[in-house]
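Chain and residue survey
The chain contents come next:
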Amino acid sequence: MRSRVWWPTTAVVLGLLAAGCGDGDKDADKGKGAAAGAAVSAGGFPVSVTDCMGAKTTFAAAPKKIVTSNAAALELLLRLGAGDKVVGTGFPPGKGTLPADLDARAQQVKVLGKTVIPKEKLLGSGADLYIDTFASMGGMGGGGMGDAPTAAEFKAAGIKHVFLKSTACAADRKSPVTDLSAVQDDITSLGAVTGTSAKAKELVAGMTKTVDGVQAAVRSVPEASRPTYFFFDYDAGTKQPSVVCNRQVAHAVITLAGARNAFGDCDGDFKQVGWEDVIAKNPDWIQLGVRDRGSEAANKAAFDEAQKWLQDNAATKGLKAVKEGHFVRIGSERTTIAGVTNADTVREIAKTVHPGKVG
């Protein structure tokens, strides 16, 4: 069996700065635009944002030099049109892993750390903003990975330190997340901080249109008739599976697609379980959770490998989804990392598990 390896770019990530951690409540979708994630004056600045614990950071103007802790924050800044402000990143995206229009620009960003950025490099980067995707994740990052700078050290270096929240703070949510409102609030907030609010509004509107279309298409399917769905995080290791619980953005993606997360009764974001637990759930569909390898051929090989493991392993080959060939081939990042492509993943899952209903 594969040994377990934690990859922060999958387990945590995007969800910037919404005020409070959010509970995924339906009314959060409706409202409040920038006010849901940042306090903004009529002239655009100052902008105030909060972290998972409610501590406030205020921006008198848009940051000029940004460091991102990993590829997720970098991708969102590129989509917002603020990529020219990024002076460094940790956990850089592999060549070809981002959409073609973003990949070339992403590859030009200076790599300050192939994994967690060393403390000295971060503090000496010249940045005025550090976007941290690892808040509240213990061993996944932040204080749990490497020697993270203290608040006093960030202040002395002139670096404002903010956290991506819709995933990084997921474990602290008070109720299951069933929509993408926290992600959309994050995008709105990041747009406010970087002075790209118009683009943020456009991105959020596109996500809303996509998800609303899927919801309309699957609305007639009764809850009890919706298929059960297991996200198999193959790259996290097979010895002891890691499952997505009801506070993780993947739970919202699965739910919005008209499926039922097999581990939706698990409070939290991620949890390690035994294969006997997966067998007891006996899901109708299994998503082959592999990370983007950088090319179509490499991705196909990784999906094939994950599928073969399930088909050959004594503990899983008898699962209903395995016997029926009900596999979903969608990459991990766009499912478990909060971002614009979550909405596209909702549609792709729905098209697979509800054939004929979603265009």
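Computed from a predicted structure; not experimentally measured.

Time to look at unusual backbone geometry. In this structure, the amide linkage connecting phenylalanine 45 to the following residue, proline 46, adopts the cis form with an omega of 5°. With respect to the helices and strands, proline 46 occurs in the loop between strand 1 (39-40) and strand 2 (47-50). Here the phi dihedral of phenylalanine 91 falls at roughly 40°; this positive angle occurs in a residue that is not glycine. Residue classification places phenylalanine 91 among the buried positions, given a relative accessible area of 5%. Phi at asparagine 282 takes a positive value of approximately 45°, unusual for a residue other than glycine.

The subject of this paragraph is the confidence of the model for the protein chain. For the protein chain, mean pLDDT is 86; residues scoring 70 or higher make up 85% of the total. This model gives residues 1-37 a pLDDT under 50, and the stretch forms 145 contacts once residues within four places in sequence are excluded. Counting contacts from residues 136-145, a segment whose pLDDT is below 50, to residues more than four positions away or on other chains yields 26 contacts.

Attention now moves to the sheet that holds strand 8 (residues 160-163). The strand order 6-5-4-7-8 describes an open sheet built from 5 strands, whose pairing is parallel. Only two strands of the sheet have a single neighbouring strand rather than two, namely strand 6 (111-113) and strand 8. For this sheet, the mean angle separating the axes of adjacent strands, direction not counted, is 25°. Relative to strand 6, strand 5 (residues 86-90) runs parallel, the two being bridged by 2 bridges. Among the inter-strand pairings, glycine 90 is bridged to a residue of strand 6, identified as glycine 113. Where helix 4 (residues 71-80) meets the sheet, it contacts strand 4 (66-68), strand 5 and strand 7 (129-132), and its direction lies at approximately 150° from that of strand 5.

Analysis parameters
Residues numbered from 1 in each chain as written. Predicted model: local features only at pLDDT ≥ 70, side-chain atom pairs only at ≥ 80, totals over all residues. Heavy atoms only, no water. Helix = DSSP H or I, 4+ residues; strand = E, 2+ residues; numbered from the N terminus. Buried < 20%, exposed > 50% of the residue type's maximum accessible area, 1.4 Å probe, protein only. pLDDT = per-residue confidence, 0-100. Contact = heavy atoms within 4.5 Å. Pairing = 2+ DSSP bridges. Axes fitted to C-alpha atoms, helices over the stretch in contact; angles between N-to-C directions.

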